[in-house]
Amino acid sequence: IESALRRSALGASRALQLLQPVRCRRVAESHAKSLEDALAHATTVAVADVAVGDVMLVLRGDRVPVDSRITRVDLSSGCAVDASAVTGESMTFALSVGDTVSAGTTISHGAALVVATATGEDSHVKRVERLVREAAARKPHIQRSADRVAAWFAWYVLASACVTFGVWSMLLKTG
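Just so it is clear, the model here is predicted, and its values are computed rather than measured.

Undergrad: Just give me the short version of the side chain of T106, but keep the residues and values in it.
TA: As for its position among the elements, T106 is in strand β8 (residues 106–109). One polar contact links T106 to R63, side chain to side chain, over a distance of 3.2 Å.

This is how it looks when you write it as structure tokens:
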């Protein structure tokens, strides 16, 4: 059971890794005044090259590449995010300027300009992944105690069986 739980936890950790997009649209600060200008001047870069403070354009259907804060939203249609892959919550949430979004969430409606607030190992998804791996790697205190008791219990049962065998052997010979 324990190894199955560990495999399940590590599988969940791998699933969190898959939430991270590999590429994103980075926008120069000078072109981050409007979504239209950002769309015209966005360059595709590897998410690994994104630094805190970089501005990115996230369109409908895109996963947010890194933990970010919303700086502009599509005013005509609004913007909403589906965080179900990260939080398990199936509802979408409307976004407005100043809201924060986690890496791996999906823009389900509209578009937004976001500024990176955490990248790499500092991101929410990486922290959760690290916690899952740590939890899977260590045994709870109760499990360590149970293992110690089980080790002594096995010797106790073996000794009791030998004593019982000896007593019955002596009783059967005298009887």
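Undergrad: Please give an account of a nonpolar patch on the surface that cites residues and values.
TA: A surface patch of nonpolar side chains, amounting to about 540 Å² of accessible area, comprises V163, V167, W168, L171 and L172. For V167, the location among the structural elements is in helix α5 (residues 141–174). With a relative accessible area of 42%, V167 lands in the partly exposed category.

Undergrad: Could you give an account of the sheet that holds strand β6 (residues 92–94), naming the residues involved and the relevant values?
TA: On the basis of which strands lie adjacent, the open sheet formed by 3 strands has the order β6-β5-β8 and antiparallel pairing. The sheet is open, and its two borders are formed by β6 and β8, each paired with just one other strand. Here the strands of the sheet are splayed against their neighbours by 40° on average, with no regard to which way each runs. Note that strand β5 (residues 80–82) and β6 share 3 bridges and pair antiparallel. Looking at β6, one finds that V81 is bridged to F93.

Reading the values: the criteria
- Residues numbered from 1 in each chain as written.
- Predicted model: local features only at pLDDT ≥ 70, side-chain atom pairs only at ≥ 80, totals over all residues.
- Heavy atoms only, no water.
- Helix = DSSP H or I, 4+ residues; strand = E, 2+ residues; numbered from the N terminus.
- Polar contact = N/O pair within 3.5 Å; in protein donor to acceptor, adjacent residues only side chain to side chain.
- Patch = residues over 30% accessible without salt bridge, like charges linked within 9 Å, V, L, I, M, F, W, Y side chains within 5 Å.
- Areas by Shrake-Rupley, 256 points an atom, 1.4 Å probe, with all protein chains shown as cover.
- Salt bridge = Lys/Arg side-chain N within 4 Å of Asp/Glu carboxyl O.
- Buried < 20%, exposed > 50% of the residue type's maximum accessible area, 1.4 Å probe, protein only.
- Pairing = 2+ DSSP bridges.
- Axes fitted to C-alpha atoms, helices over the stretch in contact; angles between N-to-C directions.

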